[in-house]
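Spelled out from the first residue to the last, the chains are:
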Amino acid sequence: MKSAASSGAGKDVRLEIEKLREQIREHDYRYYVLADPSISDFEYDRLMKRLIDLEAQHPDLVTPDSPTQRVGGKPTKIFKQIRHPVPMLSLSNTYSEDELRDFDKRVRNLLGGEKYEYVSELKFDGVALRLVYEKGALVLAATRGDGETGDDITANVRTIRAVPLRLKLSGETSAFSNIEVRGEVLMNRVEFQEMNREREESGEKIFANPRNATAGTLKLQDPGEVAKRPLRFFSYYLLSGEVALKSQWESLQLLRKLGLPVTEHVKLCRSIDQVVEATRYWETERDKLPFEIDGNVIKVNSTGQQEILGSVARSPRWAIAYKFAARQASTVMRDITVQVGRIGTITPVADLEPVFLAGSTISRATLHNEDYIKEKDVRIGDTVIVEKSGDVIPAIVGFIKEKRPSTAKPFRFPHKCPACGEPAVRLEGEAAYYCENYECPAQVRGRIEHFASRRAMDIEGMGESVVDRLVSIGLLKSVADVYELHNHRDELEALERWGKKSVENLLNAIDRSKLRPFSKLLFALGIRHVGERTAQILAEHFQSMDKLTKASLEELQFVSDIGPTIAESIYRFFRDQKNRELLSRLRRAGLRLEESVRRKEEKLSGQTFVITGTLSAYTRDQAREMIESAGGKVTESVSKKTNYVVVGENPGSKYDKAQKLKIAILTEEKFVKLIENSR
Ligand code: IVH
């Protein structure tokens, strides 16, 4: 590396570059480690762009730990093999409280009467990773492999923004210049789903679950591709040759201080009863986390005691994994049907012998696509394995060969759209069949359902069955018809099981949806390849529908994170006469076709809210939206940084904590006033 002094660049440029790097590192840290971002993606992208420009002008000032250098190097064909000086052990598993208590008895006996504590952690359902930092800089990232030797995936891991390229070394952490960190790479459920949806829309293979997607991504040969995937990282183990670490608890605090992400959901337990309580809690509450966990990991806290306990075979005796009951079940697949989505994708769905799985009865599950069925050779009549994870649609993940009946029938993918009878086409290189008929009733229904859905226009009361009905009686042919339903009040009221009140509610909800921000409307339009994130980026960049519809293909491609396929799809959408008419109808209906004032100028900007208990007039999501549209932020847990706690009926422990920390409490009434005053 050349020293900055030898550069022809002036001092100002060098200072600006250093400042930009500091800022970007800090924002990455705030976003991924503290989960408390202070700027929008748009502003972040602007900082990054400025840094990229400056470095392009002064290539001699580029350093390997600059945030611009996350994607670098050429694709590798084979990963180098790396021996782990300290083997990466695995954990022994338990599945019951009794087994947990047996583990505790063994620990107690081996420690011969000494006092001990446990740390209860989340067992992340991801891929284990080993990181080596030398003098604070990331020099190696390796997979676990067989525990002794793994793959050198440094180039891929450098693209993960949650993994710092450089540690925060100052004060007590200065001593940690050469360390090893272990943790888990994973994907958040929502980001995983969004990625899968985008893959599906562009005809790429979709992943069965976030763990498979993570494992598949880390094995990619091109770091540029890895950078596009929503990988995250949590650390849970610190090794230092130089500094003696007293306990796991202390290690976790140190990891956090070094700038590495550590989940806040760790608990120091003084007895096995507290451990059991924690595992019970997470077994029921796991879906509240944004990512998948498959159990808890219980570790003896003291490092000295860990050494006394040692390990047998390949597992330590000081730790154990408590695994939650599987959310897989096996059942007979009675039939395979196909379903047509809003953009015409035809997907195979398994019709199952109903089976009870993690809280609900399942009778349908996705079978992904034709290739999946062919590759796995799943047949009608097979006993299949269904998996449910989080709020993801249940999916078939395999079948039991031994149980195949002689009557099992291979499935032939239909070559006609089951909804309109038009030919189903499968484009070269794509995994899905499409119905290309824009007027296909299944597509019309799908588009309107998507438009009204919670994450799009959020029209309460306009779920699948209502849309289905209104489409079938001809009241809805396009999403713009939604805003003309008030002209059909009598017809609506005359519908079976509908009355004045429910029609009134629906029309009010439709009215309220007109206030949804521009970005939500863009997402709601269901433009191919435009997911929530892309819609947000477009809204921030173009600020209005007018500018967006006029954008040239080049202008669209110039927007960061918008690739050629997405740009092309947006461009084509706005050139289509039908869509232009649709937009003018939406404009006449009074929808927001412009981005509203930027956050900074908003009244609740910088204010953090926590909501606890049930509100009488609003759902949580609505309250969150009200706060966010006034520039405020909603977080899950109360801390000193919380400004207000909104308290509804039957508040939880957050209310007690707010009182303890003397944080302003808002009743529902006061909350509504505050929102009204900030408009
Ligand atoms: S500690 C010697 N902590 O579980 C202890 N592991 O079977 C080594 N895992 O390969 C691991 N969450 O991928 C530890 N909080 C956690 C974990 C965790 C997930 C995974 C890890 C490891 C496997 C052990």
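Everything discussed here concerns the structure shown above.
Nothing here was measured: the structure is a model prediction, and the numbers come from that model.

K.L.:
How would you summarise the overall build of the chain if you had to cite specific residues and measurements?
P.N.:
For the chain, the helix and strand inventory stands at 24 helices and 24 strands. The C-alpha atoms of the chain give 27 Å as radius of gyration, which agrees with the globular expectation for 679 residues (26 Å, within 12%). Along the longest, intermediate and shortest principal axes, the C-alpha atoms of the chain span 80 × 75 × 55 Å. Per-residue burial for the chain yields a buried fraction of 48% across its 679 residues. Within the chain, counting contacts between residues at least 6 apart in sequence, those at least 24 apart form 69% of the total.

K.L.:
So, the sheet that holds strand S3 (residues 118-124): which residues are in play, and what are the values?
P.N.:
Taken in spatial order, the five strands line up as S2-S13-S10-S3-S9 in an open sheet, and their pairing is mixed. Looking at strand neighbours, the two that pair on one side only are strand S2 (93-94) and strand S9 (267-269), the edges of this open sheet. Inspection of the sheet shows S3 paired to S9 by three bridges, in the antiparallel sense. In the strand pairing of S9, Val119 is matched with Leu268. Strand contacts of helix H8 (residues 248-257): S3, S9 and strand S10 (293-300), with the helix running at about 55° to S3, the strand carrying the most contacts. Along the sheet face, helix H9 (residues 272-285) touches S3, S9, S10 and strand S13 (319-323) and points at about 165° away from the line of S10.

K.L.:
Help me get a handle on the pairing of strand S4 (residues 127-134), residues and values and all.
P.N.:
The element S4 is extensively covered by neighbouring structure, given that seven of its eight residues are classed as buried. Taken together, the eight bridges between S4 and strand S7 (residues 178-187) define a ladder with antiparallel strand orientation. Considered in S7, the bridge of Leu131 is made with Val181. By the bridge criterion, six bridges tie S4 to strand S5 (residues 137-143) in an arrangement that is antiparallel. The residue of S5 that forms the bridge with Tyr133 is Leu138. In textbook terms, the turn of a hairpin is the stretch between consecutive antiparallel strands, and for S4 and S5 this stretch comprises two residues, one of which, Lys135, has a positive phi near 45°.

K.L.:
How would you sum up the pairing of S13? Please name residues and give values.
P.N.:
Each regular strand displays side chains that alternate between the two surfaces of the sheet. Burial within S13 is extensive, with five of its five residues counted as buried. Residue alternation in S13 divides its side chains into two sets, Ala319, Ala321 and Lys323 and Ile320 and Tyr322, and both sets are buried. Relative to S13, S2 runs parallel, the two sharing two bridges. The partner of Asn93 across the bridge, within S13, is Ala321. As paired elements, S10 and S13 share five bridges and run antiparallel to each other.

K.L.:
Account for the sheet that holds strand S23 (residues 644-647), naming residues and giving values.
P.N.:
Taking strand neighbours across the sheet as the criterion, the four strands line up as S22-S21-S23-S24 in an open arrangement whose pairing is parallel. Whereas interior strands pair on both sides, the edge strands pair on one side only; in this sheet they are strand S22 (633-634) and strand S24 (664-666). Pairing of strand S21 (residues 608-612) with S23 involves four bridges; the strand directions are parallel. Directly across from Phe609, in S23, lies its bridge partner Tyr644. Against the sheet, helix H23 (residues 653-660) touches S21, S23 and S24, its axis set at about 135° to S21. The sheet strands contacting helix H24 (residues 668-677) are S21, S23 and S24, and the helix crosses S24 at an angle near 95°.

K.L.:
Explain the site of the ligand to me, using residue names and the numbers behind them.
P.N.:
Around the ligand, the surrounding shell holds 13 residues, and the nearest of these are Leu91, Glu121, Leu122, Glu184 and Lys299. Between the ligand and Leu122 there is a distance of 3.0 Å, counted from a nitrogen atom to a backbone nitrogen or oxygen. The contact in question runs from a nitrogen atom of the ligand to an N or O atom on the side chain of Tyr236, over 3.5 Å. Protein chains shield 88% of the accessible area of the ligand, which is 520 Å² for the free molecule. Of all the cavities here, the one that holds the ligand is the second largest pocket. Looking at the shell around the ligand, the elements with two or more residues in it are S3 and S10. Tallying contributions element by element places S3 first for the shell around the ligand, with four residues. For the shell around the ligand, the residue count by class is seven nonpolar, one polar and five charged.

K.L.:
Explain the pattern of salt bridges to me, and be specific about the residues and the numbers.
P.N.:
In total, this model carries 56 salt bridges according to the counting rule given. Of the charged contacts, one joins Arg50 and Glu16 as a salt bridge, the two residues approaching to 2.7 Å between their closest N and O atoms. Of this pair, Arg50 sits in helix H2 (residues 41-57) while Glu16 is found in helix H1 (residues 11-33), placing the two residues 34 residues apart along the sequence. In this structure Glu16 comes out as partly exposed when scored by relative accessible area, which is 29%.

K.L.:
Now, about the environment of Glu117: what can you tell me, with residues and values included?
P.N.:
Residue position: Glu117 is located in the loop between helix H3 (97-110) and S3. Separated by 450 residues in the primary sequence, Glu117 and Ala567 have C-alpha atoms spaced 56 Å apart. Within polar-contact distance, the side chain of Glu117 engages the side chain of Arg270 at 3.1 Å.

K.L.:
Which residues make up the layout of surface pockets, and what values go with them?
P.N.:
By volume, the second largest pocket is sized at about 1100 Å³. Surrounding the second largest pocket, 42 residues form its lining, Leu89, Leu91, Arg182, Tyr236 and Tyr237 being those nearest its centre. Residue assignment for the lining of the second largest pocket shows that the elements contributing at least two residues are S3, S4, S7, strand S8 (231-240), H8, S10, helix H10 (303-309) and S13. In terms of residue count, S8 provides more of the lining of the second largest pocket than any other element does, five residues in total.

K.L.:
Any chance you could break down the packing of aromatic side chains for me, citing the residues and the numbers?
P.N.:
Taken as a whole and assessed by the stated rule, the structure comprises 15 aromatic pairs. With a centroid separation of 6.2 Å and 10° between ring planes, the pair formed by Phe124 and Tyr236 is classed as stacked. In this pair, Phe124 is assigned in strand S3 and Tyr236 in strand S8, connecting sequence segments 112 residues apart. For Phe124, a relative accessible area of 4% puts it in the buried group. Relative to Phe413, the ring of Phe411 lies with its centre 6.0 Å away and its plane at 75°, an arrangement referred to as edge-to-face. Here Phe413 falls in the buried class, since its relative accessible area comes to 6%. Through a chain of ring-to-ring contacts, the aromatic side chains of Phe124, Phe234, Tyr236 and Phe291 assemble into a single cluster. The side chain of Lys168 reaches across the aromatic face of Tyr29, ending 4.2 Å from its centre.

K.L.:
Could you give an account of unusual backbone geometry, with specific residues and numbers?
P.N.:
For Ala35, which is not glycine, the phi dihedral falls at a positive 50°. Note that Ala35 resides in the loop between H1 and H2. On the accessibility criterion, Ala35 (60% relative accessible area) is exposed. Despite not being glycine, Asp458 has its phi angle at roughly 55°, a positive value. Tracing the sequence through the fold places Asp458 in the loop between helix H12 (441-452) and helix H13 (464-472).

Criteria and cut-off values
Residues numbered from 1 in each chain as written. Predicted model: local features only at pLDDT ≥ 70, side-chain atom pairs only at ≥ 80, totals over all residues. Heavy atoms only, no water. Helix = DSSP H or I, 4+ residues; strand = E, 2+ residues; numbered from the N terminus. Rg over C-alpha atoms; globule rule 2.2 N^0.38 Å. Buried < 20%, exposed > 50% of the residue type's maximum accessible area, 1.4 Å probe, protein only. Contact = heavy atoms within 4.5 Å. Pairing = 2+ DSSP bridges. Axes fitted to C-alpha atoms, helices over the stretch in contact; angles between N-to-C directions. Near = heavy atom within 4 Å. Polar contact = N/O pair within 3.5 Å; in protein donor to acceptor, adjacent residues only side chain to side chain. Areas by Shrake-Rupley, 256 points an atom, 1.4 Å probe, with all protein chains shown as cover. 1 Å grid on protein atoms, 1.4 Å probe; cavity = no way out; pocket = protein on both sides within 12 Å on 5 of 7 lines; lining within 4 Å. Sits in = over half its atoms within 2 Å of the grid points. Nonpolar A, V, L, I, M, F, W, Y, C, P; charged D, E, K, R; others polar. Salt bridge = Lys/Arg side-chain N within 4 Å of Asp/Glu carboxyl O. Points joined across faces, edges and corners; volume = space filled by probe spheres on them. Phe/Tyr/Trp six-rings, centres within 6.5 Å; stacked < 30°, edge-to-face > 60°. Lys NZ or Arg CZ within 6 Å of the ring centre and 35° of its normal.

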